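# Report on the structure
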Amino acid sequence: MVSVMEIYQLTPKLNCKKCGLPTCMAFAVALLAREKQIEDCTPLLEPKYEEKLKKLREVMAPVAGATETGLIIHEDRCYGCGNCVVACPVNVANDPKGSAIGLGPKSDKVILVVEDGVVKCLNPKECRRFGPNRILCNLCTATCPSKAIEFV
Amino acid sequence: MAVCTGCSLLCDDIEVSIDGRRIAKTKNLCRKGFGRYRSLTSDRSVPRVDGKQVGIDEAISRAAEMLRDAKRPLLFGWSCSTLEAQRKGIELARKTRAIIDDTSSICQGEIVDMIIRGELPTCTLDDVRNYGDTLIFWGCDPSSSHPRHMSRFSYFPRGEKLQRGHEEDRTAFLIDIRTSPTAKILAGNFIQISPGGDADLIEAMLAVLDGKIPKVRDKKAMISMITTLKKADMGVIFPGLGLAYSLKGRMDRLKALVSRLNETTRYNVIPMVGHYNMRGFNQLLFDETGFINRVSFGDGVDHGPMYSVVEALKSCDLALVVGTDPISSLPAGIAKALARVPMITLDPHRTLTTELSRVVIPTALSGIEAGGSALRMDGVRIEFDPIMKSEYPSDEEVLSKILEEI
Ligand code: SF4
Ligand code: SF4
Ligand code: SF4
């Protein structure tokens, strides 16, 4: 998985604030947290940074599918076991008669569900890692036997 | 809601939408179960006699003829067919004075036998979910073999008495020889042993229960595990194939451990049966004969190791294989011996066994194209209806026709 340092190395390191953040390091953090886009760094689009831009797009490609909370699902690794579905505290709270007791979700307010043998993320905004009051919940990733879900 | 017959959990909360004969979308099926549903349209077998494609009725008639002429047929498989088909199979064994055996004789048979005879206490998976606060997975990797075991019943879900689920109310241990995917989830409570080390571990556990110092490397971890085990309100041991193979012939050690634990608190055993209805076959045959497998109907009812598939192959002159692929799953030497016997195979799919069979009869996929019932790994009966029409007959229908024609 790509690290903040790796992304930082690929920024222009000008601290020009054109992206709206005080430093390129802050931009790297925001990029990884899905709060900024690569294109928000306008100097990077200049021809002299062509190499860096290309590399940055490459290292960011694997996390392109991440949700607003940074959740990435590697479908090829998922067993569809549903551990994450049943362990997610939001699923438990919103779906007491379904995923809380081990059954398939009965409410549409759950975050994680298993469809066609692999897990899907439905309501990322419900996740405890979303928004300004986010907390570092990791029950879904900690219960996964195959590391099929991760946070970036 | 559909039922998945992908493993012996028989998950009954499956949602499926179909588009003609195609599975359009499924919910709650694990990858393994999804694979079974998807197999609906891949690699289906075709009726064949001596390598030539024929009509299905012709294949059935030929099978009946061969069974009628055989002196010592072996009827093998059964773990992946419904209770209704298994009942017909046992009837057919009686009528043809055959040897009948299922996959349990090379699998978890010994443990299932002890449970059916009441020598090991057991409970249902629903009890586990509601009350099982201390669990031991032993010689198994549920994440791979029964993907929804831990999420539906054993470790993660909230239960009546266990409202905080795995976070606070449940403890689970894993005893195994390798760092499996399950070991990764239960990292802190994973006890790694060397192959064949299960009996020694049981002795060490018994020693701690007797207040002695165990002869193991990590004495502290062992003592702390036993302290947790003793505090259980309801404990459950889930033995897998690893334990069954390692303790073969010494199952009394498992019995000793369970009864010793039961002096302090309540412990139950549920074997991690693999095929979806192995438990059902064992129960049916037991109800009829007093034995769960390895039965010969030659002269009345006889039972013994010489009637296990492995031994019976040496004396039988015909094999009827239902719902299993012994050529791929048995050890090479035995598979070779089997391949020398004329085989009749009932299977929805093409397998190595159908490839080598004299007669192949394609059948409907149970749970998807055919209904029926089966016993889950804990002995609870689960019924299912077909979710679509099929051009293939069910195992039960084929066996009934064979019975009529003999
Ligand atoms: S981080 Fe927490 S709230 Fe978000 S999906 Fe995972 S378990 Fe659920
Ligand atoms: S992401 Fe992991 S825990 Fe969730 S269903 Fe897939 S394998 Fe299981
Ligand atoms: S755990 Fe077993 S029964 Fe349940 S969906 Fe998966 S394969 Fe099917």
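Residues numbered from 1 in each chain as written. Chains lettered and ligands numbered in written order. Predicted model: local features only at pLDDT ≥ 70, side-chain atom pairs only at ≥ 80, totals over all residues. Heavy atoms only, no water.

### Some thoughts on the overall build of chain A
Regarding its fold elements, chain A presents six helices and four strands. Ordering the α and β elements of chain A from the N terminus gives α-α-α-β-α-α-β-β-α-β. The principal-axis extents of the C-alpha atoms in chain A amount to approximately 55 × 30 × 20 Å. Looking at chain A as a whole, 49% of its 152 residues qualify as buried. As displayed, chain A offers around 7,500 Å² of accessible surface, 56% of which is attributable to carbon and sulfur atoms. Taken as two groups, the 20 positive and 17 negative side-chain charges of chain A have centres that lie 6 Å from each other. (Helix = DSSP H or I, 4+ residues; strand = E, 2+ residues; numbered from the N terminus. Buried < 20%, exposed > 50% of the residue type's maximum accessible area, 1.4 Å probe, protein only. Areas by Shrake-Rupley, 256 points an atom, 1.4 Å probe, with all protein chains shown as cover. Lys, Arg positive; Asp, Glu negative; His and termini not counted. Charge placed at Lys NZ, Arg CZ, Asp CG, Glu CD.)

### Considerations on the site of ligand 3
Surveying the vicinity of ligand 3 reveals the residues C4(B), G6(B), C7(B), L9(B), L10(B), C11(B), C30(B), K32(B), G33(B), P147(B) and R148(B). Looking at the shell around ligand 3, its residues break down into seven nonpolar, two polar and two charged. (Near = heavy atom within 4 Å. Nonpolar A, V, L, I, M, F, W, Y, C, P; charged D, E, K, R; others polar.)

### Details of the side chain of T351(B)
Considering the arrangement of structural elements, one finds T351(B) in the loop between β15 (343-346) and α18 (352-355). Among the polar contacts made by the side chain of T351(B), one reaches the main-chain amide nitrogen of T353(B) at a distance of 3.1 Å. (Polar contact = N/O pair within 3.5 Å; in protein donor to acceptor, adjacent residues only side chain to side chain.)

### Let's talk about the sheet that holds strand β6 (residues 99-102) of chain B
All names here are of chain B. Across the sheet, nine strands lie side by side as β4-β3-β16-β15-β14-β5-β6-β12-β13; this open sheet has mixed pairing. Looking at strand neighbours, the two that pair on one side only are β4 (52-53) and β13 (302-303), the edges of this open sheet. Sheet analysis places strand β14 (residues 318-322) next to β15, joined by four bridges and oriented parallel. When the sheet's bridge partners are listed, L320 is paired in β15 with I344. Contacts from helix α14 (residues 278-289) reach β6 and β12 (295-296), with the element oriented near 145° to β6. (Pairing = 2+ DSSP bridges. Contact = heavy atoms within 4.5 Å. Axes fitted to C-alpha atoms, helices over the stretch in contact; angles between N-to-C directions.)

### A few points about the nonpolar core
All names here are of chain B. In terms of nonpolar packing, the biggest core is built from 44 residues, with Y37, L135, F137, F238 and I270 touching the most fellow members. Ranked by residue count, the leading element in this core is strand β10 (residues 234-239), at three residues. Both domains that meet at this core, namely domain 1 (2-107 + 275-405) and domain 2 (108-269), each give it at least three residues. Not counting chain neighbours up to four residues away, the residues in contact with F137 comprise P142, H149, M150, S154, A172, F173, L174, I175, L186 and F238. Formed by 35 residues, the second largest nonpolar core is a distinct cluster that contains V295, I361, L399 and I402. (Core = buried A, V, L, I, M, F, W, Y, C linked by side-chain atoms within 4.5 Å. Domains from an automatic or database assignment.)

### Observations regarding the site of ligand 1
All names here are of chain A. Around ligand 1 lies a shell formed by C88, P89, V90, C127, R128, R129, C137, L139, C140 and F151. More than half of the atoms belonging to ligand 1 lie within 2 Å of the grid points that define the largest cavity. Residue composition of the shell around ligand 1, grouped by class: eight nonpolar, no polar and two charged. (1 Å grid on protein atoms, 1.4 Å probe; cavity = no way out; pocket = protein on both sides within 12 Å on 5 of 7 lines; lining within 4 Å. Sits in = over half its atoms within 2 Å of the grid points.)

### So, a nonpolar patch on the surface
Residues and elements named next belong to chain A. Side chains of M5, M25 and V29 sit close together on the surface and give an oily, nonpolar patch of about 240 Å² of accessible area. Its location among the elements puts M5 in helix α1 (residues 4-9). What makes M5 partly exposed here is its relative accessible area of 41%. (Patch = residues over 30% accessible without salt bridge, like charges linked within 9 Å, V, L, I, M, F, W, Y side chains within 5 Å. Salt bridge = Lys/Arg side-chain N within 4 Å of Asp/Glu carboxyl O.)

### Considering the domain arrangement of chain B
Residues and elements named next belong to chain B. Its domain assignment divides chain B into domain 1 (2-107 + 275-405) and domain 2 (108-269). Contact with domain 1, which involves 28 residues of that partner, is made by 23 residues of domain 2. When domain 1 packs against domain 2, close to 1,900 Å² is buried across both sides, 60% of that on carbon and sulfur atoms. Counting the contacts that link domain 1 with domain 2 gives three salt bridges. (Buried area = accessible area lost by both parts, 1.4 Å probe.)

### What to know about helix α11 (residues 219-230) of chain B
Residue and element names in this part refer to chain B. With twelve residues, α11 extends 17 Å between its outermost C-alpha atoms, agreeing within 8% with the 16 Å of an ideal straight helix rising 1.5 Å per residue. Every buried residue belonging to α11 is among M222, M225, I226 and L229, and all of these are buried. The buried residues of α11 occupy an angular sector of 95° when projected down its axis, which confines them to one face. Residues of α11 that are buried in the fold lie against β7 (134-138), β8 (171-176), β9 (190-192), α10 (198-209), α13 (252-264) and β11 (266-269). (Expected span 1.5 Å × (residues − 1). Arc of directions from axis to C-beta.)

### Re the interface of chain B and chain A
Taken together, the contact between chain B and chain A spans 26 residues of the former and 27 residues of the latter. When the buried surface of chain B facing chain A is broken down by residue, R31(B), F156(B) and R158(B) rank first, second and third, together holding 26% of it. Counting the contacts that link chain B with chain A gives one salt bridge. Salt-bridge contacts for K25(B) lead to E115(A); the nearest nitrogen and oxygen are separated by 3.5 Å. Those elements giving two or more residues to the side of chain B that touches chain A turn out to be β2 (22-27), α1 (31-38), α7 (149-154), α8 (165-168) and α9 (181-185) of chain B.

### A word on the domain arrangement of chain A
One can read the domain layout of chain A as domain 1 (4-60) and domain 2 (71-151). Taken over C-alpha atoms, the centre of domain 1 of chain A sits 31 Å from the centre of domain 2 of chain A.

### Observations concerning the packing of aromatic side chains
Note on aromatic pairs: each is described by the distance of the centres and the angle between the planes. Residue and element names in this part refer to chain B. Scanning all chains against the criterion turns up four aromatic pairs over all chains. Relative to F281, the ring of W78 has its centre 6.3 Å away and its plane inclined at 5°; by these criteria the two rings are stacked. With W78 in the loop between β5 (73-77) and α3 (83-95) and F281 in helix α14, this pair connects stretches of sequence that are 203 residues apart. Among the residues examined, W78 registers a relative accessible area of 0% and is labelled buried. Taking the centre distance of 5.1 Å and the plane angle of 15° together, the rings of F137 and F238 count as stacked. Residue F137 is located in strand β7, and its partner F238 is located in strand β10; the two are separated by 101 residues in the primary sequence. The pair F137 / F238 is uniform in exposure class, with both members buried. (Phe/Tyr/Trp six-rings, centres within 6.5 Å; stacked < 30°, edge-to-face > 60°.)

### Here we look at the pairing of strand β3 (residues 118-121) of chain A
All names here are of chain A. In this sheet, β3 lies alongside strand β2 (residues 112-115) in antiparallel orientation, the contact comprising four bridges. By the bridge assignment for β3, E115 is matched with V118. Taking the residues between adjacent antiparallel strands as the criterion, β2 and β3 are bridged by two residues, where D116 takes a positive phi near 45°.

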